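Structural description and commentary
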2 protein chains.
Amino acid sequence: MVSAQRSLQENEELLETLRNELITFVDQGQMELAAARIELFHPADQAEVIEILPEAVRDRLLTTLSDEDIAEILDFLDEEPRERFVSRLDNAVLARILVFVDEVVAADIVEQLPDERVQPVLSQLANREEVSELLSLPEDCVARWMSSEVLSLRSDWTVQAAFEFLRKEKPNSGEHFYLYTVDEDQKLQGVVSIRDFITAPPEVLLRDIMVPDVIRVSQTTDQEQAADRLRHYGLLALPVVDETGALVGLLRADEVLNVQVEEATEDIYLQVGLGADASPFSPVMEAIKVRVPWLIINLLIGFFSAFIVSRFQATLEQAALLAAFMPIVAGHGGNAGSQTSTLVVRGLALNEISRRDVGTVWRKEASFGVIYGLLAGSLTAALAYAMSSNYGGSGQHSWHLALIVFLAMFGNVVMATLGGSMIPVLLKHFKVDPALASTVWLTTLTDWIGFLLLLGLASLWLKGGM
Amino acid sequence: MVSAQRSLQENEELLETLRNELITFVDQGQMELAAARIELFHPADQAEVIEILPEAVRDRLLTTLSDEDIAEILDFLDEEPRERFVSRLDNAVLARILVFVDEVVAADIVEQLPDERVQPVLSQLANREEVSELLSLPEDCVARWMSSEVLSLRSDWTVQAAFEFLRKEKPNSGEHFYLYTVDEDQKLQGVVSIRDFITAPPEVLLRDIMVPDVIRVSQTTDQEQAADRLRHYGLLALPVVDETGALVGLLRADEVLNVQVEEATEDIYLQVGLGADASPFSPVMEAIKVRVPWLIINLLIGFFSAFIVSRFQATLEQAALLAAFMPIVAGHGGNAGSQTSTLVVRGLALNEISRRDVGTVWRKEASFGVIYGLLAGSLTAALAYAMSSNYGGSGQHSWHLALIVFLAMFGNVVMATLGGSMIPVLLKHFKVDPALASTVWLTTLTDWIGFLLLLGLASLWLKGGM
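Numbers given to residues run from 1 along each chain, matching the order in which its sequence is written. Each chain is given a letter, starting from A, and each ligand a number, starting from 1, according to the order in which they appear as written. Given that this is a predicted model, residues contribute local features only at a pLDDT of at least 70 and side-chain atom pairs are listed and counted only at 80 or more, while totals for whole chains, interfaces and linings are drawn from all residues. Hydrogen atoms and water are omitted, and side-chain values are computed over all heavy atoms in the structure.

Contacts were defined at the residue level, with two residues in contact if any of their heavy atoms lie within 4.5 Å. Opposite the 123 residues of chain A that make contact, chain B presents 123 residues. Each partner contributes to the roughly 11,700 Å² buried at the junction of chain A and chain B, and carbon and sulfur atoms together form 67% of this total. By salt bridge we mean one thing: a side-chain nitrogen of Lys or Arg within 4 Å of a carboxyl oxygen of Asp or Glu. One can count two salt bridges joining chain A with chain B. Counting of polar contacts relies on pairs of N or O atoms within 3.5 Å, with two restrictions inside protein: one atom must be capable of donating a hydrogen and the other of accepting it, and residues adjacent in sequence are counted only when both atoms are side-chain atoms. The tally of links between chain A and chain B comes to 25 residue pairs in polar contact (both at pLDDT 80 or more). Looking at the side of chain A that touches chain B element by element, the count peaks at 17 residues for helix 16 (residues 284–310) of chain A. Each of two parts loses accessible area, computed with a 1.4 Å probe, when they are put together; buried area is these two losses added. Numbering goes from the N terminus for both helices and strands, where a helix is a DSSP run of H or I of at least four residues and a strand is a run of E of at least two.

The following block contains the structure:
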């Protein structure tokens, strides 16, 4: 842990230096020096340097590290570099390394393997049954994110017996642990505080000093729900139980933190039609496969907008200046509505908006829409009036254009705030994630309504002999 | 901890029941029953029920709870309800309650008070010096998020002496703790694993069993950097030291989790011009104050788009169908570019894209832009051809319109992917958060370039006697 007191900046520079040293050592064939050098660092830093090493250097370096060291590095590697890394190890070596890895991480690694490697690797694992069972569970449940290394003490042991057990077991979570107690069937019964454990007389039974009713999650709980629970109760970890109530693992807050960062990335990606695994470095052909479908859907929605506008060709020929106000009426409705939908989407996600509140939010947003619609409509109408010196070929400023622009902008802003507050609620009702689909639906709505209002009103007016 | 085994759904229903019971008890004046009932729940659940109680009921209930109970509830309340809650307590009561609250939370609460209450409350606090010092530190540094309750053992104590100390001190973090060791100046020296502590002979000195070089953060570290560090090393907590290296607090992973959720909300809000404190429930007038400035900036950008388009009035009069393709060319450029900018913004935020990688990403995105530009351009050109039966008054399908639309779409998509990969990097270079400003700049760019390309090309062509 050389890195204890360094700033992140210094850490980055130090890892850059380490990278260059390793390249030099490996190039000179001084493999032992290289191994000794990298082993001075925390496995998290080792993983980081491995990620930025040239492939040839990395491969040679790996042959000199112990299986246990490599296992520790695997634990800290991000998903994508880990996959690349594992692809360079043959099945026997990988199986040997996975012995030293938590079975939850092992399941993760096996799952990422190409299909033809899964069985050969699995069959060589000592804990293949546990790993296979984990693989059979859905990817977003707690069992796939917990740590399966959890310490359990029998509640009918004495404090003395528990001490002996700890002395023998040497729990490897060096800095902390929870003392969970279980019954003879491994069912979670309680938790003993370290203080009570240390200060109780040796002959006392754990069941007499434990706190019963530990807050827990089931291994099939959705990870987001588990994360909410952990945050709600301000805990550093949650014990995980199976369907019989037996203690099977521990969900740690730092793991949840990792998951949340990954999920946030996924959500942000999905919003613009990027797959969860998208990367700025993926090859162009892969990018096309992943990104084009969403773009094509957007293109088709755009086609329909084009179709709407094209229906008003005659109107536009008479009053081409209308075209200048199409983008602003449609786009600004989108802007105003996106504020509303963002508030509502986030409020729903954080459970701040309950069913009881939906009506209140709608009324507030509608009021906001009316007030802001009046303001934005007036400003845009003023611009329209100023620009309208040749509207409809009259050669004069046009109150008509100004009024049409005002009504279209006002109407679209009001519809946008209403839509922005209703679309997320409707999507949630139909079990679609509001965070992902709200923006697309909202901007489609504001585009179409904006064009229809602006061009439709103008068309009526012009037909009326404006 | 009645809630140990309930699902979130069940928990919500139970809290709803509790709410109704409390209302009934309070209405009947059975205050002790109400207090006894709520005290059966975890403070986190008490806080949640307090949030949904009618104000009158809440105020009466509070008068029957002990200061210590209220302090625990304050600890779990979200910022906004906490502010409301605190506004109902008078200065003396609040000061009495704050005695039971961690000084970091107390500083947070005092900071939210209206100016005229700050000094009166501060002056009544026993730990006013510590709280004032915290208040003098920037809001986003670790000191404002850590827990100041951290246990420290002197490294020159024997294991026996440490045992005695723990027996007396009764550390109140019941389920876990870290055994940090310090020297006579309270300087952080190491950490003792619980196992080593339990199993070492009583006369051994802590310094002989501690792990030196603990990974730590300084109290003035930016909280995001500290969070990165915690995630990087997979830790449940980081010890926090002051400028002399003295141990002053503990940054817990669950606190970091809370901060990250709050920060994510802030970022998402700022992206659509909502202040960090925006709420779906804030009064309309406040919403106007907070939301309108950003909307007006967007409106002005839109005004400039309108101005660009208005310069091509003559062109649009000749070929009104062009107007139908304005939104799709501009908007779809925005769609394609937003994928790129999202990848780059996220890559920069997670430190996946370093300076070394920028060139690679630009080249890949440019290739993607060219390939997808050809596809989107062709599809849109086909639509233009199909729609063009009366383009420019010719009465025939127009290859010209199709070609212009193709070129405009192709050009805008390529510019969008280039812009999407460059804008975030430039913003970061100029110390503007790419996550916040990239979208606005990108869509402004794609709007303007889209209109200029489409209408500009058409104008040249028509002038050339198309």
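Having seen the structure, we can now continue with the description.
Here the focus is the relation of the copies chain A and chain B. Overlaying chain A on chain B yields an RMSD of 0.2 Å, the required transformation being a rotation through 180° with an accompanying axial translation of 0.0 Å. Taken together, the rotation and translation relating the two chain copies correspond to the operation of a two-fold axis. Copy-to-copy superposition: least squares on the C-alpha atoms, limited to residues that have pLDDT of at least 70 in both copies.

Attention now goes to the pattern of salt bridges. This structure, assessed with the given rule, holds 21 salt bridges over all chains. Linking Asp-108 of chain A and Arg-144 of chain A is a salt bridge whose minimum nitrogen-to-oxygen distance equals 3.5 Å. Here Arg-144 of chain A lies in the loop between helix 10 (128–135) and strand 1 (152–154) and Asp-108 of chain A lies in helix 8 (residues 103–112), a separation of 36 residues in the sequence. With respect to burial, Asp-108 of chain A and Arg-144 of chain A carry one shared label: buried. The partner of Arg-37 of chain B in a salt bridge is Glu-21 of chain B, and the shortest N-O contact between them spans 2.5 Å. Here Glu-21 of chain B lies in helix 1 (residues 8–27) and Arg-37 of chain B lies in helix 2 (residues 31–38), a separation of 16 residues in the sequence. Buried residues are those whose accessible area, probed at 1.4 Å on protein chains only, stays under 20% of the maximum for their type, while exposed residues exceed 50% and partly exposed ones sit between those limits. Residue Arg-37 of chain B is classed as partly exposed on the basis of its relative accessible area, which comes to 26%. The class for Glu-21 of chain B is partly exposed, based on a relative accessible area of 25%. Taken together, the shared-partner salt bridges connect Glu-55, Arg-58, Asp-59 and Arg-88 of chain A into one network.

Backbone hydrogen bonds are what pair the strands of a sheet, in a parallel or an antiparallel way. Residue and element names in this part refer to chain A. The mixed open sheet is built from four strands, whose spatial order is 1-2-3-4. Pairing within the sheet leaves two strands with one partner each, and these edge strands are strand 1 and strand 4 (211–212). Whether two strands pair depends on DSSP finding at least two bridges between them. The pairing of strand 1 with strand 2 (residues 179–182) spans three bridges and is parallel. Across the sheet, residue Leu-153 finds its bridge partner in strand 2, namely Thr-181.

Attention now goes to the environment of Leu-247 of chain A. Tracing the backbone shows Leu-247 of chain A in strand 7 (residues 247–252). With a relative accessible area of 5%, Leu-247 of chain A lands in the buried category.

Residue and element names in this part refer to chain A. All the domain ranges listed were derived from an automatic or database domain assignment. Each assigned domain of chain A is listed with its residue range as follows: domain 1 (8–140), domain 2 (152–264) and domain 3 (311–463). Computed over C-alpha atoms, the centres of domain 1 and domain 2 are 29 Å apart. Contact with domain 1, which involves four residues of that partner, is made by six residues of domain 2. Between domain 1 and domain 2, the buried area comes to about 330 Å², and carbon and sulfur atoms account for 36% of it. Together, Glu-79, Leu-137 and Asp-140 form the three largest contributors to the area buried by domain 1 at its contact with domain 2, with a combined 85%. At the surface where domain 1 touches domain 2, the tally comes to one residue pair in polar contact (both at pLDDT 80 or more).

Attention now moves to the sheet that holds strand 5 (residues 217–218) of chain A. Residues and elements named next belong to chain A. Taken in spatial order, the three strands make up an open sheet running 5-6-7, and their pairing is mixed. In the strand order of this sheet, the two ends are held by strand 5 and strand 7, each with one partner. Alignment of strand 5 against strand 6 (residues 237–241), held across two bridges, turns out to be parallel. Note that in strand 6 the partner of Ser-218 across the bridge is Val-241. Axis geometry follows a simple rule: fit a line to the C-alpha atoms, using only the stretch in contact for helices, then measure angles between N-to-C directions, giving values from 0 to 180 degrees. Across the sheet, helix 14 (residues 223–232) lies against strand 5, strand 6 and strand 7, angled at about 135° from strand 6, the strand it touches most. Its contacts with the sheet put helix 15 (residues 253–271) on strand 6 and strand 7, and the angle it makes with strand 7 is roughly 65°.

This part covers the environment of Pro-212 of chain A. All names here are of chain A. You can see Pro-212 is positioned in strand 4. Exposure remark for Pro-212: the relative accessible area of 47% places this residue in the partly exposed category. Between the C-alpha atoms of Pro-212 and Thr-181, which are 31 residues apart in sequence, the distance is 9.1 Å. The residues touching Pro-212, leaving out its near neighbours within four places in the chain, are Gln-189 and Gly-190.

Right, let's get into the confidence of the model for chain A. Residue-level confidence of the predictor, termed pLDDT, takes values from 0 up to 100. Scored by pLDDT, chain A comes out at a mean of 86, with 94% of its residues at no less than 70. For this predicted complex, the interface confidence comes out at an ipTM of 0.74, alongside a pTM of 0.75.

The next point concerns unusual backbone geometry. The phi dihedral of Gln-186 of chain A is positive, around 70°, even though this residue is not glycine. Inspection of the secondary structure puts Gln-186 of chain A in the loop between strand 2 and strand 3 (188–192).

Relative to the 44 Å expected for 30 residues at 1.5 Å per residue, helix 21 (residues 434–463) of chain B spans 41 Å between its end C-alpha atoms, a close match to the ideal helical length. Where helix 21 of chain B begins, one side-chain oxygen reaches toward the backbone nitrogen of Ala-435 of chain B, 2.9 Å away; that side chain belongs to Asp-433 of chain B. To estimate the expected span of a helix, count its residues, drop one, and scale the result by 1.5 Å.

This brings us to the packing of aromatic side chains. Aromatic rings from Phe, Tyr and Trp, taking only the six-membered ring of Trp, are treated as a pair when their centres fall within 6.5 Å; an angle between ring planes under 30 degrees marks them as stacked, one over 60 as edge-to-face, and anything in between as tilted. Here the structure, examined in full by the defined rule, presents 14 aromatic pairs over all chains. Here the aromatic cluster, defined as three or more aromatic residues joined through ring pairs, consists of Phe-304, Phe-307 and Trp-448 of chain A. Here, over-ring charges are defined by two tests on the NZ atom of lysine or the CZ atom of arginine: distance to the ring centre within 6 Å, and angle to the ring normal within 35 degrees. Here the basic side chain of Arg-291 of chain A rests over the ring of Phe-368 of chain B, its NZ or CZ set 3.9 Å away from the ring centre.

Before going further, it helps to spend a moment on the pairing of strand 3 (residues 188–192) of chain B. Residues and elements named next belong to chain B. Along strand 3, four of the five residues are buried, which leaves the element largely enclosed by surrounding structure. The pairing of strand 2 (residues 179–182) with strand 3 spans four bridges and is classified as antiparallel. Bridge pairing links Tyr-180 to Val-191 in strand 3. Count of turn residues in the strand 2/strand 3 antiparallel hairpin: five residues, of which Gln-186 carries a positive phi of about 70°.

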